[in-house]
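# Fold and contact review
The primary structure of each chain is shown beneath.
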Amino acid sequence: MAKLICNVCGSEKDVPKCCDKSMILKDNYLMCCCSDNCGHQHIPECCGQPMNYID
Ligand SMILES: [Zn+2]
Ligand SMILES: [Zn+2]
């Protein structure tokens, strides 16, 4: 399952969900895999930088 991990402190976080599924990474945004209408959101930050998306 995809996760977000901080490169600096190593903390882990679940990827936000949309339409009951984990969002996917695209062009440095998190997108819903189901529909373009759901829009996108920024990757959560930790320690002042975007977290690392791990598949
Ligand atoms: Zn951190
Ligand atoms: Zn959605």
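Residues numbered from 1 in each chain as written. Chains lettered and ligands numbered in written order. Predicted model: local features only at pLDDT ≥ 70, side-chain atom pairs only at ≥ 80, totals over all residues. Heavy atoms only, no water.

### Overview of the coordination of the zinc ion (ligand 2)
Looking at the metal site, the zinc ion (ligand 2) is ligated by Cys18 (SG), Cys19 (SG), Cys32 (SG) and Cys38 (SG), spaced 2.2 to 2.4 Å from it. Here the zinc ion (ligand 2) is ringed by four donor atoms whose angles at the metal span 103 to 124 degrees, and the overall shape comes out tetrahedral. Sequence positions of the donors to the zinc ion (ligand 2) reduce to the motif C-C-x12-C-x5-C. With Cys19 in the loop between strand S3 (17-18) and strand S4 (21-22) and Cys32 in the loop between strand S6 (29-31) and strand S7 (40-42), this residue pair connects regions lying 13 residues apart in the sequence. According to the relative accessible area criterion, Cys19 is partly exposed, its value standing at 42%. Residue Cys32 is classed as buried on the basis of its relative accessible area of 6%. (Donors = N, O, S within 2.8 Å, 3.2 Å for Na, K, Ca; no water. Tetrahedral: all angles 85-135°; square planar, octahedral: opposite > 155°, others 65-115°. Helix = DSSP H or I, 4+ residues; strand = E, 2+ residues; numbered from the N terminus. Buried < 20%, exposed > 50% of the residue type's maximum accessible area, 1.4 Å probe, protein only.)

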